[in-house]
Structures are given as structure tokens and as C-alpha cells.
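# Secondary and tertiary structure notes
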Amino acid sequence: MSLGTETKHLPLYHAFSVLVIHGESDELGGLLRTLDTWFTTVDCAETCLQARKQAHQNHYDLVLVDVGLFTSEPSLLEELSHWHQNRSDVLLLVHQNELDLAIAAFRHGLFDFVLNPVHPEQMAHTVRRFMDKRLKERRLCALQRDFSRHSSTQMIGQSEKTKLLRQHIEQYAPSKASVMIEGQPGTGKELIARELHEHSHRIGPFVPFSCTKSSPETIEKDLFGEVITLENGSRKFNEGVFKVANGGTIYLDEVAHLPMRIQELLLSMLEERTIKPVGAKYEFPIDVRVIAATNQNLNVLVQQGKFRSDLLYRLSVLKIEVAPLKERKTDLKELVPFLANRLCHDLCLPLPRWTDEDIAIIRDYEWPGNVRELRNLIENCILLGKSPSEYWRNRNHINSGTPITVTVSHGNQIPYYDEKPAQVKQEGYPNSWTLRKVERCHIEQVVLFHDGNKSAAARALAVSRKTLERKYKEWDSSDDDSRYTE
Ligand SMILES: Nc1ncnc2c1ncn2[C@@H]1O[C@H](COP(=O)(O)OP(=O)(O)OP(=O)(O)O)[C@@H](O)[C@H]1O
């Protein structure tokens, strides 16, 4: 059996494995050689018992079986039909004089066969069909995992602003009216749009679309679809995003970037509830709810003549403003454990244990990148096995020996997400300490760090040496030793 042109171009399906169930035969050698060029695992079984044993120990994506074996091993047919339904594709190898056996196999749902002796081109064609189907299934499975990782519709947070947001979502969801969501990048605008769709009970899908594509022509085709006339005169229809979202919701992200021509088409769609694909002669009715999002001030863009005021009016029938994370820091209490739990679960890694210092860093930071930045930080820490404080020090090239003074308010602490109460390692000062006590302790710590060199300590503390001396005098005169009496 030699490889023809098609087999030479056959991609290597290395990640798949094959079992060949075949009695002793001269034809087998050639068949195995051919399969060996495509797959890394090609196993052989000569009897039903052997095949069962092999299949028990390994997973096979494809099982090739010589139908001649069904005469001596009738139970094999039943078993193969079961494998076929559950895990493996089954390909029958049929001689001209074995058609009755093939027909019996068809009755068990095994319909795919090649004629024996096998022609390499025919074999390559069939194998490609099976393996491409498997590859598609794998990709779909990976996409679904990736999708669920990135598209949660669970909005976390108990700050007043987030509670109000939830209230708006509940009130706005059942309406068909357009919604404009305003907020900085990473604040959760898409998440809100998904929640609106989930609660709307619209039967169609939720389809996100980024308006930052370069050319108006591409956006028009992507949004409204395209009718192409082929050389033979027939017409091919490429569905646009609006058609895909029919009955559901379209989410126009960064709507401020829409070119003027598309703004006009979108306005017409919102008014007429119809779309006209590029190259089409007719308009089609459409039932899509539009949710748009922006992190720019569209009123300013209207004044600058970059955004149509009538479109802005149409898109903003209902309006939601999302506050930046720094204005709703109490959300961190739920967000940190939620994101850490989810990421650890996705990455199959154990939950980290963080200290007061880590918690204080997360709480005191301003989060310009909002929840997305928080999520990225947590993911980095989990993957690198570093705590947020360590990560911060490394990122900002701070010497790990530098003492970090963080006062942690335990009453307002972000809770641990472990089921068991965590052993919180206390690195800050207790809440009961006065500012005077904290100051003294901190100065003494820094002086100690500099081996008693008060000039170096003063420089690290950004005060003059004189100020430091004055502090020591004050403490000596007041005989204040109560700093250690906790
Ligand atoms: N309240 C929240 N609860 C849980 N996860 C959140 C919350 N807000 C945002 N996220 C998560 O933060 C990430 C960024 O959110 P999202 O993509 O919705 O932000 P966005 O405002 O649409 O960003 P951009 O403007 O850059 O498109 C996502 O992983 C999202 O799931």
C-alpha cells in the first residue's frame, strides 16, 4: 500500500489513537504502515478478547475492524456498537464477498466502511473525515471551557453602588428598550449586559460585538451581513451579527468608535427594526435588543460632531453608570475570594493564604484598571505562587528587606475564602494602638534595620536627623514605655 497525493497532505493526527481489530492477514502490514504515518498510537488486536482487553486499558479514537471477524465472534458486533455510541468512531473493513456482514453491522448503527484491500486514498479520506470531526469536538469543548472562564454572569459585591446596579438590572431587564452602559474599562460593563440579557428571558443568544474594528466596510459586513454573487451566478449569504442575535441581545462594546456611516445604519435599524445586508436587494425584519457600552463621554463626542445625537438618544433610552472600583471598595470583600476561588478552580491550583499585609495592599490600592486589574493580579499571584505583597515588591523592584509598615484594621478585613478560618499572620499594628505608639515603634524598627544609624534611618523615614533626635528626647522625658503593654 503506497501513499498517494491526498495521503501525503493528510495532517498528522498525532493526538489520536487507533485500534485495528484484524485476523492474521497479508493485507495488515500495509494498512498498519499507512496508519503509522498519521497516528503515534496504532495498536493491533487479533481476537475479540484481546480487543476488549486493549480497549479496557486505553482510549481509542478510531477502531478499524475486519468484518470477517463477526462470523467467529458475533458478540464483537454488539460491543463495537456500544463503543461507537460512547467513545470511539468505528470503521469497518469489508471484502466484496462480505456485504451480508456489513449489512448486519449497519443494523447496529455502524455505517462507515472501506473496501478491503484498502485503497490508501479512500482510507485517507475517511480517516480525515473522522478525525476532523473529533478535532472540531475538542475545539468546541476547549471553547466552552474558555467561554465559561471568561464570561461569568455572576455579579459580585455588596457596596451600595453595586446593590443599586443590581436593582437597575432587575428593573431594566424585561424591557425591550436600548440600554447605554457607561463606565471605565474593566468595571464590568459586559457582565452587566450579560445579566440584563439573562434576566430578560429573551430566547435568542447574547452576542457581543466590539466596535473598534478598523474599516467601516468590515464593520458593516460583520454587523449586517453580506450577499455575495459567485462566478456561476449563485448567491452566497454571510450572516451578520444582527441576524445571529435575532430574538436575543446584541452588545455593542466601545460604541463611541462606530464610524459615522455605521451610526446612520444603526439608527435606521433601531427606527425601522430591519437590516439590509451588503449587496442585498431587500431588507429583513429583525428583533434584537441593543445594549451599548462606552468609557467615553458621548455628549462631548456629540458636541465635537463625532457621534450622532439622534443615535445617542435612541441608544440611551435606559442608562446605567458603573462606578470605578475605587469608589466601591467594600465590593473587594466578596470579589477577592470569589475571583481567587474561581481562578484556582480553573487552574486546578490550591487556594492561597494571604496575610494582613496582602489584604491591606489590595484594599489601599486605587485599581485604575478596575475589576479586570484585580482579576489579573490574583491570577498572576496564584500562577506564580506569590502573595500580593511579594508580587507588588517584585513588580516595583522594592528590596524585600525594606520594612513595610501597614496598619490593618481587622474590623474591616477582607475575609479569607478558605472554608476553615485562616490563621491570619499579623504583620501590622493592633487597632488598639495610638498613633503615638505606632510612630515610636516604627521609628525604632527603622533605626534597628539600619543597625542603629540614625542618619540613615532619618533618610529612609524622609525626616531630618534633628526631628529624629527630638522624638527620642520626647520619649525619654515622658518616660513613655507603654508601647509594649498590649
Ligand atoms: N462585580 C463583578 N463581579 C464579578 N466579576 C466581575 C465584576 N465586575 C467585573 N468582573 C470581571 O472583571 C472582568 C472585566 O469585566 P468586563 O469585561 O465586564 O469589563 P468592561 O467594563 O466590559 O471592560 P471593557 O470596557 O474593557 O470592555 C471580567 O472577568 C468580569 O467577569
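Residues numbered from 1 in each chain as written. Predicted model: local features only at pLDDT ≥ 70, side-chain atom pairs only at ≥ 80, totals over all residues.

### So, the overall build of the chain
- Across its full length, the chain holds 21 helices and 14 strands.
- Counting all 486 residues of the chain, 28% fall into the buried class.
- Of the contacts made within the chain by residues no fewer than 6 positions apart, 72% connect residues no fewer than 24 positions apart. (Helix = DSSP H or I, 4+ residues; strand = E, 2+ residues; numbered from the N terminus. Buried ≥ 20, exposed ≤ 12 C-beta atoms within 10 Å, placed from the backbone. Contact = placed C-beta atoms within 7 Å.)

### Quick word on the site of the ligand
- Contacts to the ligand come from 18 residues, most closely from P185, G188, K189, E190 and V371.
- Mapped by element, the contributors of at least two residues to the shell around the ligand are α9 (189-200) and α17 (370-384).
- Looking at which domains feed residues into the shell around the ligand, each of domain 2 (160-323) and domain 3 (327-412) gives three or more. (Near = placed C-beta within 6 Å. Domains from an automatic or database assignment.)

### Some remarks on the nonpolar core
- Ranked by internal contacts, the top residues of the largest apolar core, which has 39 residues, are I181, I192, F242, I250, L252, I291 and A292.
- Sequence-distant contacts of L252, that is, excluding residues within four places in its chain, are made with F209, C211, V290 and A292.
- Grouped together as the second largest cluster of nonpolar side chains are 35 residues, F16, L31, L64 and L110 included. (Core = buried A, V, L, I, M, F, W, Y, C linked by C-beta atoms within 7 Å.)

### What about the pairing of strand β13 (residues 289-294)?
- The element β13 is largely enclosed, with a buried count of 6 among its 6 residues.
- Side chains of β13 alternate between two faces, with R289, I291 and A293 and V290, A292 and T294 buried alike.
- Bridge count between strand β6 (residues 179-182) and β13: 4 bridges; the pairing is parallel. Looking at the pairing, M180 lines up with A292 of β13.
- Of the strand pairs in this sheet, strand β10 (residues 249-253) and β13 are connected by 4 bridges, and their pairing is parallel. (Pairing = 2+ DSSP bridges.)

### Regarding the confidence of the model for the chain
- Scored by pLDDT, the chain comes out at a mean of 82, with 86% of its residues at no less than 70.
- pLDDT under 50 marks residues 400-427. Its contacts with residues more than four places away, or in other chains, come to 44 contacts.
- Taken as a whole, residues 481-486 scores under 50 in pLDDT and shows 4 contacts with residues more than four places along the chain or in a different chain.
- Per the prediction output, this complex has pTM 0.63; the corresponding ipTM is 0.98. (pLDDT = per-residue confidence, 0-100.)

### Describing the sheet that holds strand β1 (residues 17-21)
- Taken together, the 5 strands give an open sheet; going across it, the order is β2-β1-β3-β4-β5, and neighbouring strands pair in parallel fashion. The sheet is open, and its two edges are formed by β2 (41-45) and β5 (113-115), each paired on a single side. The sheet shows a mean angle of 20 degrees between the axes of neighbouring strands, taken without regard to direction.
- Across 3 bridges, strand β4 (residues 89-94) lies against β5 in parallel orientation. Within β5, the position partnered with L92 by the bridge is F113.
- Against the sheet, helix α5 (residues 75-86) engages β3 (62-66) and β4, with an angle of about 140 degrees to β4. (Axes fitted to C-alpha atoms, helices over the stretch in contact; angles between N-to-C directions.)

### Considerations on the sheet that holds β13
- What the 5 strands build is an open sheet, ordered β7-β10-β13-β6-β14; its pairing is parallel. With partners counted over all chains shown, the strands left at the sheet margins are β7 (206-210) and β14 (318-321), one partner each. Between one strand and the next, the sheet's axes are offset by a mean angle of 20 degrees, whatever the strand orientation.

### Section: the environment of L349
- Looking at the secondary structure, you find L349 in the loop between α15 (332-347) and α16 (356-364).
- In sequence terms L349 and L383 are 34 residues apart; their C-alpha atoms lie 8.2 Å from each other.
- In this structure, L349 is in contact with C344 and I382, ignoring residues within four places of it in sequence.

### Quick notes on unusual backbone geometry
- With omega at 0 degrees, the peptide bond leading from N116 into P117 counts as cis.
- Within the secondary structure, P117 sits in the loop between β5 and α7 (120-150).
- A positive phi angle is found at A462, which is not glycine, with a value near 60 degrees.
- Counting through the fold element by element, A462 comes out in the loop between α20 (454-461) and α21 (465-478).

### Brief notes about the environment of D89
- Relative to the elements of secondary structure, D89 occurs in strand β4.
- Residues D89 and R134, 45 residues apart in the sequence, show an inter-C-alpha distance of 9.2 Å.
- With residues up to four places along the chain from it excluded, the contact list for D89 reads D61, L62, H84 and F130.

### Here we look at the packing of helix α10 (residues 216-224) against helix α12 (residues 260-272)
- It is the contact of α10 with α12, at a shortest axis distance of 9 Å, that shows an interaxial angle of 25 degrees. With respect to each other, α10 and α12 are oriented roughly parallel. Note on packing geometry: the crossing formed by α10 with α12 is right-handed. Here P216, I219, E220 and F224 of α10 come into contact with α12, specifically with R261, I262 and L265.
- Partitioned by chemical class, the residues of the contact of α10 with α12 number 5 nonpolar, no polar and 2 charged. (Parallel < 35°, antiparallel > 145°, perpendicular 65-115°, else oblique. Left-handed = near helix turned anticlockwise from the far one by under 90°. Nonpolar A, V, L, I, M, F, W, Y, C, P; charged D, E, K, R; others polar.)

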